[in-house]
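Now for the letters of each chain:
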Amino acid sequence: MDVNASDVAGSDLQGSPLRFPATDGYALGGFLWCREQLSDQRPTVIITCATSVRSRYYARFAAYLFQNGFNVLTYDYRGIGESRPQSLRGFAADWIDWGEKDLEGALRYVETRFPGAPVSVVGHSIGGFAIGAAPSNAAIERILTVGAQFAYWRDYAPQARLAMLWKWHVLMPLVTQLLGYFPAKRLGWMEDTPAGVAMGWSRMGPRFETSLRRRPLGADRRPEGMALPPRFAQVRAPILAIGLSDDAYGTVPAIRRLLSYFPRTRRLHLHLGPEDFGQAQIGHFAFFHDRFRDSLWPIALSWLKQGEVMPKLHHSLEEIPPA
């Protein structure tokens, strides 16, 4: 049973605030859209954010999915938004934590809250990486990603590469080492960011498993990221990876690089451009703006509900061959 837009009260557009534990007990904050009077067997969607973007950013997209028959959970990674500690200086968190502890906690929460209901995940940007890092990702039914990649600088769009290299791989780690966290909000870039996330991003190479490391190294001297590729290979949910031609982060090489870590499932790469929707630009973030409610969002809805890509878009669809 779908819920009409007219049935959704104004407060529902923000969801109900909640807290739930990550797998190590860290308290995460987020928002939940659900109808108590409807069956718990409604499918559930978890929206997992881009790096240092608050879950509130996805509220209208979450409400849209709710209006169309889903329970929806958005949440903030540790160190961000509703999950931020009193001080970020010296706060320990990195991209691995965000996947294997925080998204995993969200998966366990919805499994308990809506037992037996199918669960899909929408991953924006690094959210696509987080899906692969979650230990129980094999239970996910369907995956949609938007601009998903892990910030290897050579994959950035050529026209923006040098500026992005300076910003994210030179300036960010220097400031982070000085302050013990990255004060991105003060710079008007994004939310303030834990040092582990900022440093992991800044030293990212072509293989995340050799780039993501903590100090001190484990007893075997292997970066913690080396344990992740087998976990990515657990994923069986089909993936629709949406890329925008004017996204300087989520370029074709960047999206394909991340998709290569999911060898055992169907991987579809949908190439879209702002001109396809009468827009001058969409970029890395605007997919989730509600001005695309009637154009981009139905693409997501069709995939999440039926596992289908609209026939009119098949000319822009590429299936990645099995590994």
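Up top is the structure these notes are about.
Note that this is a predicted model, so its numbers are computed, not measured.

1. Observations regarding the side chain of T176
Step number 1: Here T176 shows up in helix α4 (residues 161-179).
Step number 2: Look at T176 and you get buried, because its relative accessible area is 3%.

2. Focus: the pairing of strand β1 (residues 16-21)
Step number 1: In the sheet, β1 pairs with strand β2 (residues 27-33) via six bridges, with the strands oriented antiparallel. Opposite S16, over in β2, you have L32 as the bridge partner.
Step number 2: The turn joining β1 and β2, which pair antiparallel and follow one another in sequence, is formed by five residues; a positive phi near 90 degrees is taken by G25.

3. Points about the nonpolar core
Step number 1: Ranked by internal contacts, the top residues of the largest apolar core, which has 109 residues, are I46 and W95.
Step number 2: Every residue in contact with W95, bar those within four places of it in the chain, is listed here: T51, I126, F129, F150, A151, V197, W201, M204 and L212.

4. Considering unusual backbone geometry
Step number 1: The residue S52 is not glycine, and still its phi comes out positive at about 55 degrees.
Step number 2: Positionally, S52 belongs in the loop between β3 (44-48) and α1 (59-67).
Step number 3: Judged by its relative accessible area of 1%, S52 falls in the buried class.

5. Description of α1
Step number 1: Across the nine residues that make up α1, a large majority, eight, are buried.
Step number 2: For α1, the full list of buried residues reads A59, F61, A62, A63, Y64, L65, F66 and Q67.
Step number 3: Elements that come into contact with the buried residues of α1 comprise β2, β3, β4 (71-75), β5 (119-124) and α10 (297-306).

6. Some thoughts on the sheet that holds β5
Whenever strands of a sheet pair, they do so through backbone hydrogen bonds, lying parallel or antiparallel.
Step number 1: In spatial order, the strands read β1-β2-β4-β3-β5-β6-β9-β10-β11; together these nine strands make up an open sheet with mixed pairing. Where the open sheet ends on each side, the last strands, each with one partner, are β1 and β11 (317-320). Within the sheet, the average angular offset between the axes of one strand and its neighbour, ignoring direction, is 25 degrees.
Step number 2: In terms of strand pairing, β3 meets β4 through four bridges, oriented parallel. The residue bridging I47 from the neighbouring strand is T74, located in β4.
Step number 3: Along the sheet face, helix α2 (residues 95-113) touches β1, β2, β3, β4 and β5 and points at about 150 degrees away from the line of β4.

7. Digging into α2
Step number 1: In this model, α2 (19 residues) spans 26 Å end to end at C-alpha, consistent with the 27 Å of a helix rising 1.5 Å per residue.
Step number 2: Sitting at the head of α2, D94 places a side-chain oxygen 3.1 Å from the backbone nitrogen of I96.

8. What to know about the state of the cysteines
Step number 1: Applying the stated criterion across every chain yields a total of zero disulfides.
Step number 2: Between C34, a free cysteine, and C49, which holds the nearest cysteine sulfur, the sulfur-to-sulfur gap is 18 Å.

Calculation rules
Residues numbered from 1 in each chain as written. Predicted model: local features only at pLDDT ≥ 70, side-chain atom pairs only at ≥ 80, totals over all residues. Heavy atoms only, no water. Helix = DSSP H or I, 4+ residues; strand = E, 2+ residues; numbered from the N terminus. Buried < 20%, exposed > 50% of the residue type's maximum accessible area, 1.4 Å probe, protein only. Pairing = 2+ DSSP bridges. Core = buried A, V, L, I, M, F, W, Y, C linked by side-chain atoms within 4.5 Å. Contact = heavy atoms within 4.5 Å. Axes fitted to C-alpha atoms, helices over the stretch in contact; angles between N-to-C directions. Expected span 1.5 Å × (residues − 1). Polar contact = N/O pair within 3.5 Å; in protein donor to acceptor, adjacent residues only side chain to side chain. Disulfide = S-S within 2.5 Å.

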